[in-house]
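Summary of the model geometry
Listed below, chain by chain, are the residues.
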Amino acid sequence: MSKKQLVILALLFTALTVALRLTDHPWNFTPLAALALFSGFVLPKKYLVLPLAAQVVSDVFIGTYTWQIMVVVYISYAVMALSALALRERYSFATVLVSSLGASILFYLASNAAVWLWSGMYPVNLTGLMASLAAGIPFFRNTMLGDLLFTGVFFGVYELARSLAFVPISAIKKTLA
C-alpha cells in the first residue's frame, strides 16, 4: 500500500468518523478512539491530528460543553494517538486489541473525572467521584463496544487493503516462471 493510498484511507476513516458522530447513535458509540489508535499505529506522524480534527469539525455541528471537560476529552484522544505511536514497533492484533480496551478505560476515567470536577453535578469529594464513575458505567459499555467495533473495522480494512495492494507485474512474472 502506497503512502498516498494510506492517507486516502485515513481521510475516509476521518470523514466516516465525523459523519457517524453527526448521525443519531448510542451515547459514546463512535469511531474516535479507533481513529486515534489508527493514526498512532499506522500513519505518518503529521497525521496524528486527524482524530482531533474530526472532533473539532463534529463539535462545530454538535455543539460545545464545559470547556474544561472538552479539554480533557481532547487530551484523552491525543494520549490515545500518542500511546499508539509509542507502541508502533509492537504493532500486532493483540497490541491493537489491548490498546482499544485501554483507550476505553482512559476515556471513561478521564471524562467522568472531568464531569465530577467541572460540571457542578457532583460534590468534589470521594463520594462525588464515585457517583460520577457509577453514573458513567452505561456510557462505558457503549464506549468499549464502539471502540472495539470501529478499531476492528479500521484495522481490518487496513490489513485487507495492504494484502490486496497492487503487486507489480514483474513480481507476478517471477512467481510464474
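Anyway, here's the lowdown on the structure attached to this text.

Before going further, it helps to spend a moment on a nonpolar patch on the surface. A contiguous nonpolar surface patch, about 570 Å² in accessible area, is contributed by Leu22, Val56, Val57, Val60, Phe61 and Ile62. At 5 residues, the largest contribution of residues to the nonpolar patch is made by helix H3 (residues 50-62). Mapping valine 57 onto the fold places it in helix H3. The exposure class of valine 57 is partly exposed, given its relative accessible area of 40%.

A separate point is the packing of helix H4 (residues 67-86) against helix H5 (residues 93-118). To characterise two packed helices, one gives the angle between the axes of the helices and the distance between these axes. Relative orientation of the contacting elements H4 and H5 amounts to 165°, with a least axis distance of 9 Å. Relative to H5, H4 is oriented roughly antiparallel. Helix-helix and strand crossings are classified by hand; for H4 and H5 the assignment is right-handed. Across the interface between the two elements, Gln68, Ile69, Val72, Val73, Ser76, Tyr77, Val79 and Met80 of H4 pack against Ala103, Leu106, Phe107, Ala110, Ser111, Ala114, Val115 and Trp118 of H5. Partitioned by chemical class, the residues of the contact of H4 with H5 number 13 nonpolar, 3 polar and no charged.

Criteria and thresholds
- Residues numbered from 1 in each chain as written.
- Predicted model: local features only at pLDDT ≥ 70, side-chain atom pairs only at ≥ 80, totals over all residues.
- Heavy atoms only, no water.
- Patch = residues over 30% accessible without salt bridge, like charges linked within 9 Å, V, L, I, M, F, W, Y side chains within 5 Å.
- Areas by Shrake-Rupley, 256 points an atom, 1.4 Å probe, with all protein chains shown as cover.
- Salt bridge = Lys/Arg side-chain N within 4 Å of Asp/Glu carboxyl O.
- Helix = DSSP H or I, 4+ residues; strand = E, 2+ residues; numbered from the N terminus.
- Buried < 20%, exposed > 50% of the residue type's maximum accessible area, 1.4 Å probe, protein only.
- Axes fitted to C-alpha atoms, helices over the stretch in contact; angles between N-to-C directions.
- Parallel < 35°, antiparallel > 145°, perpendicular 65-115°, else oblique.
- Left-handed = near helix turned anticlockwise from the far one by under 90°.
- Contact = heavy atoms within 4.5 Å.
- Nonpolar A, V, L, I, M, F, W, Y, C, P; charged D, E, K, R; others polar.

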